[in-house]
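Listed below are the residues making up each chain.
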Amino acid sequence: MLRTAFARNARLFSTSIRTQKSAVDAAKETAADLNKVAGEKAAAGIEQAQQAAQKAKEAIGINAAEAKAKASEATGATQGDAAKLSGQAQGKAEELTGKAKGAINEAAGKAKATAEEVKAKV
């Protein structure tokens, strides 16, 4: 009989960890879970902010490049117009110089003819 009583008591003996948690342990686990969730959400928010900042930088870079290209194009067009106007002005100046030389030569020819005429009369 002693043996059977001892056998029953041996089966009831357990060395497993106590599964009940104290209020402090439960609060610690809850705080840890909240901290983990908050960290994940913050990391996701930071990542989205970085992506938005990158997209903004790219948009600004594209707009700046487009503006620079248009400014360069406008400068080239202005330089082309200025060169065209300069060429026209130079052409007019040469034309007027030619007319002036022609008038001088004509006047010189008339003066020479008049001088020869006067010389022939004397």
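Residues numbered from 1 in each chain as written. Predicted model: local features only at pLDDT ≥ 70, side-chain atom pairs only at ≥ 80, totals over all residues. Heavy atoms only, no water.

Here's the deal with the overall build of the protein
Operational definition: Only runs of H or I of at least four residues qualify as helices and only runs of E of at least two qualify as strands under DSSP, and these elements are numbered from the N terminus. Summary of the burial criterion: residues with accessible area below 20% of their type's maximum are buried, those above 50% are exposed, and those between are partly exposed, where the area comes from a 1.4 Å probe applied to protein chains only. For every accessible area listed, the method is Shrake-Rupley and the probe measures 1.4 Å; residues are considered covered only by the protein chains on display.
Across its full length, the protein holds two helices and zero strands. A buried classification covers 0% of the 122 residues belonging to the protein. If you sum the accessible surface of the protein, you get close to 11,200 Å²; carbon and sulfur atoms cover 61% of it.

A closer look at the pattern of salt bridges
To keep it simple, the criterion reads: Salt bridges are identified by distance alone: a Lys or Arg side-chain nitrogen within 4 Å of an Asp or Glu carboxyl oxygen.
Evaluation of the coordinates by the stated rule reveals two salt bridges. The partner of Glu 95 in a salt bridge is Lys 99, and the shortest N-O contact between them spans 3.7 Å. A residue pair is termed a helical-turn pair when its members lie 3 or 4 positions apart in one helix, as Glu 95 and Lys 99 do in helix H2 (residues 23-121) at four residues. Its relative accessible area of 39% is what places Glu 95 among the partly exposed residues.

It is worth stressing that arrangement in space is one thing and function is another; only the former is reported here.
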